[in-house]
Amino acid sequence: MLGGYLFQDCCKINMAQVPLAIVSHKRQVCSLYKRALRNLEAWYDRRNVYRYRAVQLRARFDENRCKDMGEGIKLLACGQRELFETKHFQPRNFANSAGGCAFEREVIPPDWLLDYWHPLEKAQYPEYFAKREQRKKEYVTWWEKQYGKPDPKDLGHH
């Protein structure tokens, strides 16, 4: 039961990482190698120790390079299990990546927010707002041409 439990946890897939196509064995091995290196980077903070362990890891991958496909699939599954079992409890994340300390920190304001500017604020950028109003009109005409004019009774919110 415990082995099945570990296998189930090991094989959980994040919805953002659902593969859309069949991933080749070579690509899976490369992905495993990169994830293993990132795991080593989380465990060893001294660069010389990390590089030593990275060279050892590369040697392990290279010694199993020319195996037949059946054995390669078994080795890949064992490698993924080993990576799952030795995963760092607090892995390093890049600052702007998901899970990082600066992820989605800079919020890009929506375009409709400019409609609520005061006229004196808009007067500071007359060319921009003139072009913006022209583009809004062009968009409305494109929308009406593409989808037709909306029914007046559907314009209300209630």
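Before reading on, note that the structure itself is shown above.
Residues numbered from 1 in each chain as written. Predicted model: local features only at pLDDT ≥ 70, side-chain atom pairs only at ≥ 80, totals over all residues. Heavy atoms only, no water.

**As for the layout of surface pockets**
Test applied: Cavities and pockets were defined on a 1 Å grid built over protein atoms only: a cavity is a set of grid points that admits a 1.4 Å probe from which the probe cannot escape, a pocket is an open set flanked by protein on both sides within 12 Å along at least five of seven lines, and lining residues are those with an atom within 4 Å of any such point. Grid points are joined across faces, edges and corners, and a volume is the space filled by probe spheres set on the points. Only DSSP runs of H or I covering at least 4 residues are called helices, and only runs of E covering at least 2 are called strands; the numbering of each starts at the N terminus. Ten residues, namely Ala, Val, Leu, Ile, Met, Phe, Trp, Tyr, Cys and Pro, are considered nonpolar, four, namely Asp, Glu, Lys and Arg, are considered charged, and the remaining ones, Gly among them, are considered polar.
The computed volume of the second largest pocket comes to approximately 1000 Å³. Considering the residues around the second largest pocket, the lining is formed by 32 residues, among which Val-29, Leu-32, Tyr-33, Arg-60 and Phe-61 are closest to the centre. Examining the composition of the lining of the second largest pocket, we find that ten residues originate from one element, helix α2 (residues 25-43), more than from any other. In the lining of the second largest pocket, the residues fall into 15 nonpolar, seven polar and ten charged.

**Considerations on the packing of aromatic side chains**
To keep it simple, the criterion reads: Stacked, edge-to-face and tilted are the three classes for Phe, Tyr and Trp ring pairs, Trp counted by its six-membered ring, which pair at centre distances within 6.5 Å; planes under 30 degrees apart are stacked, over 60 edge-to-face, the rest tilted. Accessible area is worked out with a 1.4 Å probe on protein chains only. A residue is then buried under 20% of its type maximum, exposed over 50%, and partly exposed in between.
A complete count under the given rule lists ten aromatic pairs for this structure. A centroid spacing of 5.1 Å and a plane angle of 75 degrees characterise the contact between Tyr-33 and Phe-61, whose relative ring orientation is edge-to-face. Linking Tyr-33 in helix α2 with Phe-61 in helix α3 (residues 47-63), this pair joins segments that are 28 residues apart in sequence. A centroid spacing of 5.2 Å and a plane angle of 85 degrees characterise the contact between Tyr-128 and Phe-129, whose relative ring orientation is edge-to-face. Under the relative-accessibility criterion, Tyr-128 is labelled partly exposed at 45%. Of the residues examined, Phe-129 reaches a relative accessible area of 8% and is grouped as buried.

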